[in-house]
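Examination of the molecular architecture
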Amino acid sequence: MRMINWLLDWGKIILDGNTLAEWKETLSIPAKANFKLVDPAFSEHELLLLGIFHTYLHSPK
């Protein structure tokens, strides 16, 4: 599994070449985040994927 995140573009979680989920966040206040589950086969792991994005994007750098 790998994460790809381009500034101002959709961040992606990719497994075996397939995009599982995408996340995009605004830079304006109030902050908004959009989450898309791309692969419906992972719907039971949706909360886990959301947590991975949140942890990765909001961790101190």
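To be clear, the structure that these remarks concern was listed above.
Let me sum up the structure you'll find in this document. (Residues numbered from 1 in each chain as written. Predicted model: local features only at pLDDT ≥ 70, side-chain atom pairs only at ≥ 80, totals over all residues. Heavy atoms only, no water.)

1. Some remarks on the packing of aromatic side chains
Worth spelling out the cut-off: Pairs were defined over the aromatic rings of Phe, Tyr and Trp, the Trp ring being its six-membered one, requiring ring centres within 6.5 Å. Orientation was assigned from the angle between planes: stacked under 30 degrees, edge-to-face over 60, tilted for the rest. Helix and strand labels come from DSSP, where a helix needs a run of H or I of at least four residues and a strand needs a run of E of at least two; each type is numbered from the N terminus. Note on classification: 1.4 Å probe, protein chains only; a residue is buried when its accessible area is under 20% of the maximum for its type, exposed when over 50%, partly exposed between these limits.
For the structure shown, the criterion picks out two aromatic pairs. Ring geometry for W23 against F53: centres 5.8 Å apart, planes inclined by 15°, an arrangement best described as stacked. One end of the pair, W23, is in strand β3 (residues 18-25); the other, F53, is in helix α1 (residues 46-58), and 30 residues separate them in sequence. On the basis of relative accessible area, W23 is assigned to the buried category, the value being 6%. Here the aromatic rings of F35 and F53 are separated by 6.1 Å at their centres, their planes lie at 75°, and the arrangement is edge-to-face. Placement of the pair is F35 in strand β4 (residues 33-37) and F53 in helix α1, with a sequence separation of 18 residues. Assessed through its relative accessible area of 0%, F53 is described here as buried.

2. Here's the deal with the environment of E46
Note the threshold: Whether two residues are in contact is decided by their heavy atoms, any of which lying within 4.5 Å being enough.
Positionally, E46 belongs in helix α1. Separated by 26 residues in the primary sequence, E46 and L20 place their C-alpha atoms 9.5 Å from one another. Dropping the residues within four chain positions of it, E46 is found in contact with F35 and L37.

3. Observations concerning the pattern of salt bridges
So the rule is basically this: The working definition used for a salt bridge is a side-chain nitrogen of Lys or Arg within 4 Å of a carboxyl oxygen of Asp or Glu.
Tallied over the entire structure, the rule returns two salt bridges. For K12, the salt bridge is made with E22, and the minimal N-O distance between the two is 4.0 Å. With K12 in strand β2 (residues 11-15) and E22 in strand β3, this residue pair connects regions lying ten residues apart in the sequence. Relative accessible area serves as the criterion here: at 12%, E22 is assigned to the buried category. K36 is the partner of E22 in a salt bridge, and the nearest nitrogen-oxygen pair spans 3.2 Å. You can see E22 sitting in strand β3 and its partner K36 sitting in strand β4, a full 14 residues away along the chain. The exposure class of K36 is partly exposed, given its relative accessible area of 38%. One connected set of salt bridges, linked through shared partners, spans K12, E22 and K36.

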